[in-house]
Every structure is written in C-alpha cells, then in structure tokens.
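Chain by chain, the residues:
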There are 2 protein chains.
Amino acid sequence: MTEELRSIRWTGTAVRIIDQTALPHTLSYLDIEDVDGLVGAIRRLAVRGAPALGAAGALGVVLAMRQAGREGWAADRLAEEIGRLRVARPTASNLAWAVDQVEPLVAEGEAVVLEAALRVVADDEAANREIGRRGADWILERVARRPVRVLTHCNAGLLATTAWGSALGVVRELRDRGQIGLVYVDETRPLLQGARLTAWELEQESIPHLVQVDAAAASTILAGKVDVAIIGADRIAANGDTANKIGSLGVAIACHYAGIPFVVAAPESTVDLGTPTGQGIPIEMRDASEVVSWLGVPTAPASSGAHNPAFDVTPAGLVSVLVTERRTVEPAKGERPEQRPVPAAS
Amino acid sequence: MTEELRSIRWTGTAVRIIDQTALPHTLSYLDIEDVDGLVGAIRRLAVRGAPALGAAGALGVVLAMRQAGREGWAADRLAEEIGRLRVARPTASNLAWAVDQVEPLVAEGEAVVLEAALRVVADDEAANREIGRRGADWILERVARRPVRVLTHCNAGLLATTAWGSALGVVRELRDRGQIGLVYVDETRPLLQGARLTAWELEQESIPHLVQVDAAAASTILAGKVDVAIIGADRIAANGDTANKIGSLGVAIACHYAGIPFVVAAPESTVDLGTPTGQGIPIEMRDASEVVSWLGVPTAPASSGAHNPAFDVTPAGLVSVLVTERRTVEPAKGERPEQRPVPAAS
C-alpha cells in the first residue's frame, strides 16, 4: 500500500507534498504553487528529510520559473528566489545539490528544467531501492541473529525521500527477505519524527515496532535488544563525518560501546566532498519554543531558555558503514568517501 | 528563598508534599492523610526522587499507624498496608530502606515511630549538604575550567530529596563558592522532570541554564560545552552499577567517550549492598501512554506500542565517582562501594 504513497510529486501545476506536520493523525496533501509556499513548507518541516528536500529544491526551480512568468520577474529576481529556496534549511546538502542540478538549465526553458527535476525525483527512488538492497546485504553478512532487530532514529523513510526510504528502505528490504524482527523507534524530540512518521510508516506495513523515548536508546542497545542501528543522513563530509538528526551521535556512541554496527543509509547526493570534515557542516539552530513548550503549553519555566540544535555530527570513526546506491564505505575501518572513486551508475 | 521549600514534611496531622505534577506552572501542596493517598501520589510521581521517597516511606508508616487507629485495623492489616507502601515503586532502594528503618519500631508506639521518621527526614537534608561539599571538592580538584559548566539529567534537586538536593546540591555548593557556569538541563522524557523541575529549581535561584532535548546531550558533551555531568541515583549496587532515570546511561557513555567526569551524587541510603550488581536491580516499566501521548493527544499511531523503562543501569566502569555524605568511591578506577568500609557518620 505504501508503494503508492509519495512524499512529494509534480501534479502538472503544483508541487504536491504530504503535510508531515499532520501525521500520524491525518494523511493530507498540500499543493504548492509558489516559492514562498515551498520555503514555508520546508521551514516548518511539512516536507523534510534530506532526499525529499532535494526533490523539493529541484521541483521548486520549476515553480519559481512559472511564478516568474506569471509575475513578470526579471532574471535577477528569479535567481534571487531560487537562491532563497536553496538555503531554506542549511544542514542537508541535498537541497542545494538538487537546485544546483537544475538551475544551470533555466536558460533552456521550463520543459528542460522540469525534465531534469523529474529525473532527480525518479533517480532518488531508484537510489533508495538500491540502498535497501546493499544495506540489507551488508547487514545480513555481518549480523548473525535472525530475524534482525533494528533501532532507528528520526525518519529516513519514504516520507524523508521520494519513495521507499533510505534507512527504512533497508528495513523494508529486510522485511521483503523475511528477515526483519522488532524495530525500536526513537521518538525523536523535539518534533517527534520517529513517533509520528517512522511509527506511522511501519504501522502502514505491519512491521512490528515499539516507540521509545530517545533517552532509552542506550539501554536498549546495551541490553542486547537490537542487532544494528540504521539511520539516514543530512550531510556526509568527505572524511565520513555524518550530520543527522540530533540524537544520532548518542546512538552511534552507544553502538560503539556495545559493539554493534551503526549503519548510515543515504544517497550519494548526501555526500558533500566539498566539506572536508564535520567541522564544516553548518548546524541549524531552531527556536527554543520547540523544546520548552508542547501543543502551546510551556513545559519549563517561562524564563528558561533552550539549546536546540536540529542536528549533530557523528565522527567517521563511529560510522560502521555508509551505504549509498553506488557503494559501501566503512569509515570506522579508515575508509573515507573521498578516497574511494565512486563507481559509475549502473 | 529555596531554603524554605521542602518537597515533603510532616504537618502534625498529614504528610505535606509539593505536587510535582503541577510544576513548573503552579507551586501547590497536597496534604495526605492515608496510605492510599500516599501510594497514589508516589505512583503518579506527585512525590518522586529516591531520597524524597525515603522520607515518604518513613512518614507513611506514621500515617498507616494513625489510619489503623481510626479504622480499627488489626496488626496484620497494618503490616500489609506498610508492605504496600514499601513497594509502591520498585527501583529506588530508599523507599524500602526508610520503611525498614521505622517499621521495627511500630510496637513501641506512634511517638517513637514519628521521631524516627523525622530523623530520616532531617538526616537526608544534612546528608545532601555534605554530598554538596564533597562533590564540589572532588570536581574543583579535577576540573580545571572556571566557572564549571555542568550537564544534568532528570531532577536530583530539593524536589527529589527533602531539601538542598544531591546532584543539584553539588550545583548549589558550586554556586555558593562562585564557581558555577552554565547548566545544561536534559528535559528528561517522558515526564520532563528536567524541564519542569530542575529548570524550575535553577530559575528560583537564578542559576544560568538551558533546557535541551535528551538527544542533544551527546553533542553538547562532545562539543566541549560542559566540564562534568552530575546526576542522582535511585539504587547503587554493591559493585557500583548505578540505576537512575532512563537516559543516564547515554550521558555516562558520552562522558566516557569525551573523557569528562560522570559524577553520581546520592546518600548512603541509595547504596544497596544486598544487590551485588546492576543485573539485580528491578527496573520499573511504566505505561506506554507516557510515551505515545501528550496531554491526551496521541503522538504515534494508535496501534503503536511503546517500550517505557523508567530507569537504566550505568555500569560501574562508567561512573567516575560516587559521592555520598560519608565518602567518595571511584568505580571507574575499580573501587567498589562494598570494598570500602563506610566511615562512621560524623
């Protein structure tokens, strides 16, 4: 059934996204027809997840061109609006990457840009399916226990991509091979992408799972309740340092301490060879209100501030394997994304 | 101003507790006059924290005796009700310890039991002040940076004890010595004791602090933003394994990885020499609804279950120091609570 779900697609006149802020209660769609609407949807995380942001960026250039036509923008205004889209969120490399894929084609007209943008979307789905196969192969070769019990953090599922999912793509592939056991889902404060989105995806597919507070991850791992942690990524530096949702680092350290693999599943578009190490990855700081209030009700004294980084950086030495659609790289063994030539796409 | 606050005290006719479920919005008190009321308050965490539970247990025996008089209970009914109180929550050793301190005196009459119970309460405050001094000494000898920047998890403050606090007692002592910097407060899901209670205590005393999601602890620690983590404990096994609020283990592993001290501050009544290792500490499993709903609103799909352990166990090897009112023990260096004779109380 989830085969038909698409987090983001082109309707012919609009970018149609699943409104992820309404899940798990309501599956609703938003049709977005201008740059402001798309930038707003990205900022409030109605569409989120690095590969889905890539698709939004590519299709957003089409929207911007149409809006330019409707509203009579000059070329510099169009470039400015595309630039605004490119930096709507700073950490994921895919957003800027995808804009950069299609923006050079603007002079060739909307049809050419649309074709390129749709290719970004289609390529992401193909990439996710290949990531699932490669990730499942890697895990089944190294983890003895059957079925495989997994811990995941945040949402790197079909909602975070265009379809299938990266980390959850590996889970779906393991399920298809009859090898998936219980999945522990970190709820992922402050915005609960785990409880709201990952649990919803797993529930749609009847994959057995339990939601837990993020703070339970270490004890679940050390108690031997899971065999592997699988997460997505927002940006991977040239040395293998990996930025992902806040809390991923704690999961990685616990896996390292417990001696189980920490698997990062992400498309090549997440690898940013222009950023040498994690030190160079900009970390989005979000509003304190996400932490110190809930459904509008304060959870802390009114005068208490909050420290609210949206992402953390896991050092390469803690990443057992980085699985993309083209390769597996094992940073914990000293392999670096920049040191291995990327095989040509098959 | 907080000098006057008491999480729990005897009014002459009732056990008066601060209703911790109403904080940080409202500072309100509950006067409890029977066993059912006290057991209910303990279970829903209106009174919580291992040393405060000890005080509740001791004073609860007095309540049970008065209720026995009012309602004409036979001795076996009284013993049964005291037994129910003793196990109202399973993990903290202090509750059972305190009941065991006063129950043998029941035959000597209410006045004798009340005197013993009030001594448990008074001793806890004295213990906390001494823990604060010893903890501050230990930290200031080993941490070079001034002022000292601290991370804490859950609430081991005056609300968790009878006054002053264990972990926050160390923070208060550092403040009194002019050596406290910024305190990072883990919000402590699912019940937010950090955001609601610890931030409230720090705000009362104008100690600078920032609330963060629990999942941010690892990045805060690895980024060098704090010099030491200080937490309380619910039960310490004979070998130094320490049970505390879920998430403490993740903090400990991150401190270990980053090479900063992980300090456990707790009274001797928390040390349970009858439990050889952490394997023997019963971990309370709480209702899934604490995780998958918030203020009555579901945060996950209706069919999603939750894994909700209230505590985790940090292995002794990750505990840099255990500070009690009588001694410091360094489990990470191989010292064990059972191997060092407890110096007599001064």
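Look up a bit, the structure's there.
Remember, predicted model here, so these are calculated numbers, not experimental data.

A. Here's a closer look at the environment of Val121 of chain B. All names here are of chain B. Take Val121: it is sitting in helix H5 (residues 110-142). The spatial distance from the C-alpha of Val121 to the C-alpha of Val292 is 36 Å, given a sequence separation of 171 residues. Look past the residues within four positions of Val121 in its chain and what remains in contact with it is Ala55, Leu59 and Thr162.

B. Here's a closer look at the sheet that holds strand E4 (residues 148-152) of chain B. Read from one edge of the open sheet, eight strands run E14(A)-E6(B)-E5(B)-E4(B)-E7(B)-E10(B)-E16(B)-E17(B), paired in mixed fashion. For this open sheet the edge positions go to strand E14 (305-306) of chain A together with strand E17 (328-329) of chain B, each flanked by a neighbour on one side alone. Across two bridges, the pairing between E4 of chain B and strand E7 (residues 228-231) of chain B is parallel. Directly across from Val150 of chain B, in E7 of chain B, lies its bridge partner Val228 of chain B. Here H5 of chain B sits on the sheet in contact with E4, E7, strand E10 (262-265), strand E16 (321-323) and E17 of chain B, set at roughly 150° to E16 of chain B. This element, helix H7 (residues 193-204) of chain B, spans E4, strand E5 (180-186) and strand E6 (209-212) of chain B of the sheet and lies at about 160° to E5 of chain B.

C. Highlighting helix H6 (residues 167-176) of chain A. All names here are of chain A. Most of H6 sits out of view: eight of its ten residues are buried. Of the surrounding elements, those touching the buried residues of H6 are helix H5 (110-142), strand E4 (148-152), strand E5 (180-186), helix H7 (193-204), strand E7 (228-231) and strand E10 (262-265). Just downstream of H6 lies Gly178, where phi reads positive at about 75°.

D. Layout of the environment of Ala316 of chain B. Residue and element names in this part refer to chain B. Position of Ala316 relative to the elements: it lies in the loop between strand E15 (311-314) and E16. A relative accessible area of 10% places Ala316 in the buried class. When the C-alpha atoms of Ala316 and Pro261 are compared, they prove to be 13 Å apart, with 55 residues separating the residues in sequence.

E. Region of interest: the pairing of E6 of chain B. Here two bridges tie E14 of chain A to E6 of chain B, and the two strands are oriented parallel to one another. Of the residues in E6 of chain B, the one forming a bridge with Ala306 of chain A is Val211 of chain B. Handedness of the crossover is the feature at issue here: the chain leaves E5 of chain B, passes through H7 of chain B, returns alongside E6 of chain B, and the resulting connection is right-handed.

F. Just the interface of chain B and chain A, in detail. The partner chain A presents 51 residues to the 51 residues of chain B that form the contact. Summing both partners gives a buried area of about 3,900 Å² for chain B against chain A, and 73% of it is carried by carbon and sulfur. Our count for the chain B to chain A interface comes out at two salt bridges. Among the salt bridges present, the one from Glu187 of chain B reaches Arg189 of chain A, with a minimum N-O distance of 2.6 Å. The tally of links between chain B and chain A comes to 14 residue pairs in polar contact (both at pLDDT 80 or more). Of all the secondary-structure elements, those providing two or more residues to the side of chain B that touches chain A are H7, E6, helix H8 (217-222), helix H9 (248-258), helix H10 (289-292), strand E13 (297-298) and strand E14 (305-306) of chain B. Sort the elements by how many residues they give to the side of chain B that touches chain A and H9 of chain B lands first, with six residues. Across the side of chain B that touches chain A, the residue classes break down as 30 nonpolar, 14 polar and seven charged.

Thresholds, definitions, all that
Think of each chain on its own: its residues are numbered from 1, step by step along the sequence as written. To read the labels, note that chains go from A and ligands from 1, taken in the order they are written. Local features in a predicted model are, by the rule used here, given only for residues with pLDDT of at least 70; side-chain atom pairs are given and counted only at 80 or more, and totals for whole chains, interfaces and linings are based on all residues. Side-chain metrics rest on all non-hydrogen atoms present in the structure, leaving aside hydrogens and water. In DSSP terms, a helix is any run of H or I states spanning at least four residues, a strand is any run of E spanning at least two, and both are numbered starting from the N terminus. Only heavy atoms enter the contact rule, under which two residues are in contact if any of them lie within 4.5 Å. Two strands pair under a simple rule: DSSP has to find at least two bridges between them. Lines fitted to the C-alpha atoms define the axes, with helices restricted to the stretch that makes contact. Angles between their N-to-C directions range from 0 to 180 degrees. Exposure is judged per residue with a 1.4 Å probe applied to protein chains only, and the accessible area is read against the type maximum: over 50% gives exposed, under 20% gives buried, and values in between give partly exposed. The handedness of a crossover follows from its direction of travel: if, with the strands pointing away from the viewer, the path from the first strand over the helix to the second runs clockwise, the crossover is right-handed. Computed with a 1.4 Å rolling probe, the buried area is the accessible surface lost when two parts are put together, summed over both parts. Only one rule defines a salt bridge in this text: a Lys or Arg side-chain nitrogen within 4 Å of an Asp or Glu carboxyl oxygen. As used in this structure description, the phrase polar contact means that two N or O atoms lie within 3.5 Å; if the pair is within protein, one of them must be able to donate a hydrogen and the other to accept it, and residues adjacent in sequence are counted only when both atoms belong to side chains. Each residue gets one label: Ala, Val, Leu, Ile, Met, Phe, Trp, Tyr, Cys and Pro are nonpolar, Asp, Glu, Lys and Arg are charged, and the others, such as Gly, are polar.

Everything listed is a geometric property; what it means functionally is a separate question.
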